[in-house]
Structure formats: C-alpha cells, structure tokens
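Now for the letters of each chain:
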Amino acid sequence: MTSRFSQDQIATWRRDGVVVIPDFFTPDEVTAVTADFQQVFDRSGADAALVKRKDGEAGRFNPAQFIGVQSVPVDCSPVLNLMGVHPALIDFAKQALNTDEVYLYQCQAWGKFTGEADYDQPFHCDYVNHTLTAPSDDETQNSVTFICICSDVTEAHGPTHYVTRPDAATIVGPEGTLTGDPALQTALREHERSAAAPAGSLFVYGIDIYHRGTNLTAPGGHRYVMTVCFKAAKNDAINFVAWPFMHTKPWHIIFDHATPDQLACFGVQRPGDPFWTETTLRRAQLRYPNWDLTPWRVAMASPSKARAELEVQS
Ligand SMILES: [Fe+2]
C-alpha cells in the first residue's frame, strides 16, 4: 500500500498542531462507511438550523450537540467499527508520536443533523477532558486526534474551526490559557480557519489546539465523522474511555474482523506475548467463538518464528 500521507504532512502536524489531508480514504471506503452511518443514525436533518445564541455571542456547549455520538463497537458492519484502526491511521499515529506501539483511547461515530442542536461551540482544547493536568511541551507525549470526514462537509455542514498552534501563541503565549474569557474567544476568532473538506478527507489535530464545532445550516443536512484518538501505549496521563467498561457492546464485530495489529490498539496482547497460553486462548475463544486465533496459535507453536515476525513489525 502506498502511503496515504507525506512526511511534509507529519511535519505540518508537528509544527502547527493541525493538518488537513484530502483523499485519505478511498471512494469505496467512503461508500461502505456511509451505508453504516445511514443504518446507525437512520435520520436526516431538518429544513432549518436550530440557533440558540444571539448574533455576536460565542457558541456554547449543550448536551444536544452530543446526542449523535456512538462509541465503537457499534451494531453495524465491520467497516465503521474498524475505520478508526485503519492501517494508515495507525501508521500516521506511530510516526507522529514517534513510537512503535500506539493505543486507541477514543473511537466514536458522530452524526450531526441540521436542526437537532445548535452545534456552535466556543473555542476549547481537548486536553481538558483527555488529561487531568496539561498538555506536554513534547507532542509525542500528547496524542493525535483524527476526524475522519465521511460526508461532504461545506461551511453549511458544521466544519470544525481551528487556530494553528503558532497563531494561538501570538494571542496566549506558549502556556495557553483557559477559554472562559470572552475577549480570548474574540481574539481566537480573528485567526480561525475551517476544516471544511469533502468526504474521504482527514483532519488531524492535537489536544492543545484551540478548535470548535460549528452549526449545521444546510437544509436537510448531515455531517458524518469518526473521531479517533491515539496515544503512545502506556502513556497513562491521557485517556477518555476504558474499553472493558463497555463490555455489553458487540465486541465480536471487532474481534472477528480485526488483525492482531488492530486489536493491539485496543490493548489486546499480540501473538507471542507471554499472556497467551493454552488456557488463555481457550478462554478467549469461549468469549469470541468466531475470533480467528490462528496467528496466536502459530506463535505458540513456533515462538522463534513469531518473535522474528514481531521484530519485523516493530
Ligand atoms: Fe473538541
């Protein structure tokens, strides 16, 4: 597979904290995931936008904005469920975070529909609900967030607006600041850019980047995205979900179709890991009867071959 991103785009993310990559996903991938979104959300937007703020006011958070969030696993095909662990996203995350092992700590489908909420948000940084402290000076100790744009997003379809790290630094300095100050909101607006982009594009940013959701105004409009966050494995300072807490969801859709590399992003031990014994393999098979454990069994049978393969992967 040829790379879906360039080293320049990694460098842009490292410098600006943000990069938009057109045509990251193929038209076939977009078509397949669109069918899942339509099945899961099964609705369309209203004729008119819902606007709750007054002219000139900064946007506000409200619970209706998040009605359309569904974490994986979602009861639909494997396409949507595995989009967040697309090999090209894993590859970008490993290079951006300069590590051989990444962990997926958020992966959710998000459908927004004209009229379902006033989606206009204030500028904020995601570190507030992804850490308990502050973003690191070292971007590899932070995380990389992907917004996989699965439907055409124009200015009327609620694109994310953002301010690059260098632009934000001219306003708030390197320490940044909290976002409740109306004057800061106004100052950030003067530098805001839009991530409006066609279906198949990828918007990449970081937890220290000022950004905000915007309202959907297109009649009958919808916006389908996957929001996907990776951190370096074993970076315990960053988190959002604990996957086992969602144990009643249909995990078999992921286990039955994911590769060992994709499952490792959820914390599942790779083939050859000492966790795997005849007993643990049998227990896991009971839990997921259709999970193909062949790579794990092969590794048990010939550990030296499995070790060599792991070294090639890493
Ligand atoms: Fe956000």
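Here the structure is a predicted model, which means the values were calculated and not measured.

**What about the pattern of salt bridges?**
Scanning all chains against the criterion turns up 16 salt bridges. The closest approach of N and O atoms between Arg53 and Asp118, which form a salt bridge, is 2.9 Å. A residue pair is termed long-range when its members are at least 10 positions apart, and Arg53 in the loop between α2 (27–41) and β2 (69–71) and Asp118 in the loop between β3 (102–113) and α5 (127–130) qualify at 65 residues. Residue Lys94 pairs with Asp261 through a salt bridge whose shortest N-O separation is 3.9 Å. Of this pair, Lys94 sits in helix α4 (residues 87–96) while Asp261 is found in helix α9 (residues 260–264), placing the two residues 167 residues apart along the sequence. Among the residues examined, Lys94 registers a relative accessible area of 16% and is labelled buried. Asp261 sits in the partly exposed class, given a relative accessible area of 26%. Here the salt bridges do not stand alone but share partners, grouping Arg53, Asp118, Asp120, Arg189, Glu192 and Arg212 into one network.

**Looking at the packing of helix α10 (residues 278–287) against helix α11 (residues 294–301)**
At a minimum axis distance of 11 Å, the contact between α10 and α11 shows a crossing angle of 170°. As far as their axial angle goes, α11 and α10 are roughly antiparallel. Facing Glu278, Leu281 and Gln285 of α10, the residues of α11 in contact are Trp296, Arg297 and Met300. The residue makeup of the contact of α10 with α11, split by class, is three nonpolar, one polar and two charged.

**Focus: the sheet that holds β2**
Across the sheet, six strands lie side by side as β1-β7-β4-β9-β3-β2; this open sheet has antiparallel pairing. Each having just a single partner strand, β1 (18–21) and β2 make up the two edges of the open sheet. Averaged over all neighbouring strand pairs, the angle between strand axes comes to 20°, with direction disregarded. Pairing between strand β4 (residues 143–149) and strand β9 (residues 222–232): seven bridges, direction antiparallel.

**Here we look at the nonpolar core**
Ranked by internal contacts, the top residues of the largest apolar core, which has 73 residues, are Phe92, Phe146, Cys148, Met226, Phe230, Trp243 and Trp291. Among the elements that line this core, the one with the most residues is β3, at seven residues. Counting the residues that make up this core, at least three belong to each of domain 1 (7–246) and domain 2 (269–313). Leaving out residues up to four positions away in the same chain, Cys148 has contacts with Phe25, Met83, Leu89, Ser201, Leu202, Tyr224, Val225, Met226 and Val228.

**Regarding the coordination of the iron ion**
For a metal bound by four donors in tetrahedral geometry, the ideal donor-metal-donor angle is 109.5 degrees, whereas six donors in octahedral geometry ideally sit at 90 or 180 degrees. For the iron ion, the full set of protein donor atoms is His124 (NE2), Asp126 (OD) and His211 (NE2), and the range of their distances to it is 2.2 to 2.4 Å. The motif formed by the donor residues of the iron ion, counted along the single chain, is H-x1-D-x84-H. Taken together, the residues span a long stretch of sequence, with His124 in the loop between β3 and α5 and His211 in strand β8 (residues 211–212) at a distance of 87 residues. For the pair His124 and His211, one class covers both residues: buried.

**As for unusual backbone geometry**
Residue Pro73 is reached from Val72 by a cis peptide bond, and omega for that bond is -5°. Looking at the secondary structure, you find Pro73 in the loop between β2 and α3 (78–83). The phi dihedral of Asn98 falls on the positive side, at around 55°, and the residue is not glycine. Mapped onto the fold, Asn98 is located in the loop between α4 and β3. Positive phi values are uncommon outside glycine, yet Lys234 reaches one of about 70°. Looking at the element boundaries, Lys234 is found in the loop between β9 and α8 (252–255).

Criteria and thresholds
Residues numbered from 1 in each chain as written. Predicted model: local features only at pLDDT ≥ 70, side-chain atom pairs only at ≥ 80, totals over all residues. Heavy atoms only, no water. Salt bridge = Lys/Arg side-chain N within 4 Å of Asp/Glu carboxyl O. Helix = DSSP H or I, 4+ residues; strand = E, 2+ residues; numbered from the N terminus. Buried < 20%, exposed > 50% of the residue type's maximum accessible area, 1.4 Å probe, protein only. Axes fitted to C-alpha atoms, helices over the stretch in contact; angles between N-to-C directions. Parallel < 35°, antiparallel > 145°, perpendicular 65-115°, else oblique. Contact = heavy atoms within 4.5 Å. Nonpolar A, V, L, I, M, F, W, Y, C, P; charged D, E, K, R; others polar. Pairing = 2+ DSSP bridges. Core = buried A, V, L, I, M, F, W, Y, C linked by side-chain atoms within 4.5 Å. Domains from an automatic or database assignment. Donors = N, O, S within 2.8 Å, 3.2 Å for Na, K, Ca; no water.

Note that all results are geometric; they support no functional claim without further evidence.
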